[in-house]
Amino acid sequence: MPLDRSAEPVFVHSTCPHDCPSVCALEVERLSSTQIGKVRGARDNDYTDGVVCAKVARYAERVHHPDRLTAPLRRVGERGQGRQAFEEISWDRALDDVAEALLKAEQRYGSETVWPYFYAGTMGLVQRDGIERLRHAKRYSRQNSTICTKLVATGWNAGVGARRGTDAREIAQSDLVVVWGGNPVSTQVNVMTHIAKARKARGAKLVVVDPYRTGTAAQADIHLALKPGTDGALAAAVIGILLAEGFADRAYLEKFSDWDSELEAHFAACTPSWAAGITGLGEEEIVAFARLYGQTQRSYIRVGYGFSRARNGVSAVHAVTCLPMVTGAWQYPGGGAMQGQGTIYGLDETLIQGLDVKDKSTRLLDQSRIGPILTGDPRDLGEGPPVTALFIQNTNPMVVCPDSAKVAEGFARPDLFTCVHEQFMTETAAMADIVLPATTFLEHDDIYVAGGHTYLQVTKAVIDPLPDCRSNHEVICGLAERLGAEHPGFNMGTWEMIDATLKASGLPDAETVHAAHWHDCVKSFEEMHFLNGFGHADKRFHFKPDWAAYGRAFAAMPALPGHNPGYDQSDAERPFRLVAAPARSFLNSTFTETPGSKKREQRPTVLIHPQAAADLGVADGARLRLGNKQGSLVIHAEIFDGLQPDVVVVESIWPNSAFEEGQGINLLISADPGPPAGGAVFHDTAVWIESA
Ligand code: SF4
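Conventions we followed
- Residues numbered from 1 in each chain as written.
- Predicted model: local features only at pLDDT ≥ 70, side-chain atom pairs only at ≥ 80, totals over all residues.
- Heavy atoms only, no water.
- Helix = DSSP H or I, 4+ residues; strand = E, 2+ residues; numbered from the N terminus.
- Rg over C-alpha atoms; globule rule 2.2 N^0.38 Å.
- Buried < 20%, exposed > 50% of the residue type's maximum accessible area, 1.4 Å probe, protein only.
- Contact = heavy atoms within 4.5 Å.
- Lys, Arg positive; Asp, Glu negative; His and termini not counted.
- Charge placed at Lys NZ, Arg CZ, Asp CG, Glu CD.
- Near = heavy atom within 4 Å.
- 1 Å grid on protein atoms, 1.4 Å probe; cavity = no way out; pocket = protein on both sides within 12 Å on 5 of 7 lines; lining within 4 Å.
- Sits in = over half its atoms within 2 Å of the grid points.
- Nonpolar A, V, L, I, M, F, W, Y, C, P; charged D, E, K, R; others polar.
- Expected span 1.5 Å × (residues − 1).
- Pairing = 2+ DSSP bridges.
- Axes fitted to C-alpha atoms, helices over the stretch in contact; angles between N-to-C directions.
- Phe/Tyr/Trp six-rings, centres within 6.5 Å; stacked < 30°, edge-to-face > 60°.

**Student:** Help me out: how do you make sense of the overall build of the protein in this one?
**Tutor:** Looking only at helices and strands, one finds 26 helices and 25 strands in the protein. Since a compact globule built from 692 residues should have a radius of gyration of about 26 Å, the 25 Å found for the protein is in line with a globular shape. Considering only C-alpha atoms, the protein reaches an extent of 70 × 60 × 50 Å along its principal axes. Sorting the 692 residues of the protein into buried and exposed places 64% on the buried side. For the protein, restricting intrachain contacts to residue pairs at least 6 apart in sequence, the fraction spanning at least 24 positions comes to 75%. Counting 66 positive and 84 negative side-chain charges, the protein places the centres of these two groups 1 Å from one another.

This is the structure we're talking about:
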């Protein structure tokens, strides 16, 4: 909708759309109808609390970047060569060409040969999820969205039964905050705001469980630097100590869970010395943490994503969710745990996603396995047709997906048609036949929900779109018309769709929410703390989940919570465990183009322990080669003592082109699906290292 020019405030409300649980409420300085200045956190939103990360604070760098795409492009040169391989064409011509290619593919192989592919480059629901409406209306192949939340959500839901938890604002009332497998200093800065309040007002302790000394761990009272993949063992040993030393709330366990004598005996066997042998932590560290946790009623676990990204990630997350059950921490203000608040909003997305025309019999393809899928792996395609046409929005699979050599091989297939709708010439866009220029969140309207808090937000464009850039919604509707796809959502404007979605969900209308900037969807204390029962039909927390209900690969799941050895363990040939963690100034592959981010991150590096470096005979800054059976790459060493000697960390996601041989860190990451239901195993990799 057009900008309201009648009253131009200096700062305009907006919402950060990037793939981050904070979904910050923003105040954006509008300098003119086409230019922004400062971006700051909304001060009167009590979650954002005036704080945003540095990468978004300097968003003017990104929205006004000279490399923004500004015209539809058709490739006339070699794939992967960048802007010079394309010529400009009109929007009508571009959409006609895309529609013609999709229809041609469909005529030859059937509708499932077309695979609309997307993720969370924008978290706004209309602009992110509208591609689903086109998919369902056309019966194209479906997408199993496994690249981010699948593993952690499965692990959480197996025990808790509903994706919600203690409101993050309650952290201020906690006496102990455990950040488990996350690094909010880099990836969700607002969590630190609330932790700081608890530390200042109550002297709360901060414990961080993470394989390396992150920015968050550096601020902690206790940092448990365990080996990657061993979180389940640590959790089980802590429970064993809680039971043995009288910290368990047995009345609570009895009332709210499936606790039994088998579990009692199981955890009794999970001793500190057993866990020390697996995690690489000292026994005394494990015992001290368990006692601190057991002695503190108001203990809050912020369950991160990091430790879920492994073949045993689901079982590890489930084991960690058992902790507040044993102490009964859920009963207290500031107590319990939280991973995400996805289920509290109750939004009816039928109109946006076309759920009323969804056909569940159409093929479901695993997003994280795009490499094997495009290269014809029968485990994914079965008897179905090859994928011969891709339409991509909001993601950069050439860089962000596992097994990136296979991804590149797939995108290079001469018989594959690819259209990418993007803001920049990403490495995926460079492989496309047609590239369409996209608006940013400041140039379109949308509606947002969050994982990390409870506010729903509605935004209007802050500035006019860059000439010739179109929103995802406009492009989807333009394609639908040409493809003969039918759904009421294709005939609506963005604002109309936001308003209709809110009304269908029983929420205030779009203008009301927009005028207030946000609408708090938090439930009662009892519901957020599960004091009326957990999310399963029997209202109990499940220590012993029925894993068969969660995915086909349930046989790989342990019957009881604890250590699951089914991960890529190191061995004589590959003695190091690699964690591919997020860099502070990037968000997946977004922000790798902005000068401020590049300046801070400098170049790809591998953090390596001084002892390991000495054993290899290399100094700080040395060129190292890291490899496994998927390939190898060259990277510079940064000697760092905040991890175990057999663990290395590469913070990314750097573009592939930032590496000497043009292959980024996901070259080494397997596309194996994490059981039981799939999920990318980004932090589950054993590698060899040698001097390059
Ligand atoms: S912390 Fe997350 S949501 Fe907030 S501004 Fe930064 S990227 Fe956006």
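**Student:** How should I be thinking about the site of the ligand in this particular structure?
**Tutor:** The local shell around the ligand consists of Cys16, Cys20, Ser22, Val23, Cys24, Val52, Cys53, Val56, Val189, Asn190 and Leu587. When atoms are counted within 2 Å of each cavity's grid points, the one that captures over half of the ligand is the largest cavity. Looking at the shell around the ligand, its residues break down into nine nonpolar, two polar and no charged.

**Student:** I'm lost on helix α9 (residues 231-244) in this one. Help?
**Tutor:** Because the α-helix completes a turn every 3.6 residues, residues three or four places apart line up on one side. Here α9 spans 20 Å end to end across 14 residues, near enough to the 20 Å set by a 1.5 Å rise per residue. Counting buried positions along α9 yields 13 of 14 residues, so the element is predominantly enclosed.

**Student:** Help me out: how do you make sense of the sheet that holds strand β3 (residues 35-41) in this one?
**Tutor:** In any sheet, the strands associate via hydrogen bonds between backbone groups, in a parallel or an antiparallel arrangement. Overall, antiparallel pairing links the three strands, which are arranged β1-β2-β3 in an open sheet. Either end of the sheet is taken by a strand with one partner, and the two such strands are β1 (11-15) and β3. Pairs of neighbouring strands in the sheet enclose a mean axial angle of 35 degrees, with direction left out of account. Of the pairings in the sheet, the one linking β1 to strand β2 (residues 25-32) comprises five bridges and is antiparallel in character. Counted as the bridge partner of His13 is Glu27 from β2.

**Student:** Please explain the sheet that holds strand β14 (residues 389-393) as it appears in this structure.
**Tutor:** A sheet is described by the order of its strands in space; here six strands give the open sequence β5-β4-β16-β15-β14-β6, paired in mixed fashion. Looking at the sheet topology across the chains shown, the edges are occupied by β5 (86-88) and β6 (114-118). Neighbour-to-neighbour, the strand axes of the sheet open up by a mean angle of 20 degrees, direction not taken into account. Pairing analysis gives two bridges linking strand β4 (residues 73-75) to strand β16 (residues 434-437), with the strands arranged antiparallel.

**Student:** What exactly am I supposed to notice about the packing of aromatic side chains here?
**Tutor:** The description of two aromatic rings rests on the distance between their centres and on the angle between their planes. Evaluation of the coordinates by the stated rule reveals 20 aromatic pairs. A centroid spacing of 6.0 Å and a plane angle of 80 degrees characterise the contact between Trp330 and Phe534, whose relative ring orientation is edge-to-face. Highlighted residues: Trp330 in the loop between α15 (323-327) and β12 (336-338) and Phe534 in the loop between α24 (525-528) and β20 (576-579), separated in sequence by 204 residues. Judged by its relative accessible area of 2%, Phe534 is buried. For the ring pair Phe541 and Phe543, a centre distance of 5.1 Å and an interplane angle of 75 degrees mean the geometry is edge-to-face. Classification of Phe541 as buried rests on a relative accessible area of 0%. Here Phe543 falls in the buried class, since its relative accessible area comes to 0%.

**Student:** Can you help me understand the pairing of strand β15 (residues 417-422) in this one?
**Tutor:** It is a general feature of regular strands that their side chains alternate between the two faces of the sheet. Counting buried positions over the six residues of β15 gives six, a clear majority of the element. Side chains of β15 alternate between two faces, with Phe417, Cys419 and His421 and Thr418, Val420 and Glu422 buried alike. Pairing of β14 with β15 involves five bridges; the strand directions are parallel. Across the sheet, residue Leu390 finds its bridge partner in β15, namely Thr418. Strand direction decides the pairing type here: β15 and β16, joined by four bridges, are parallel.

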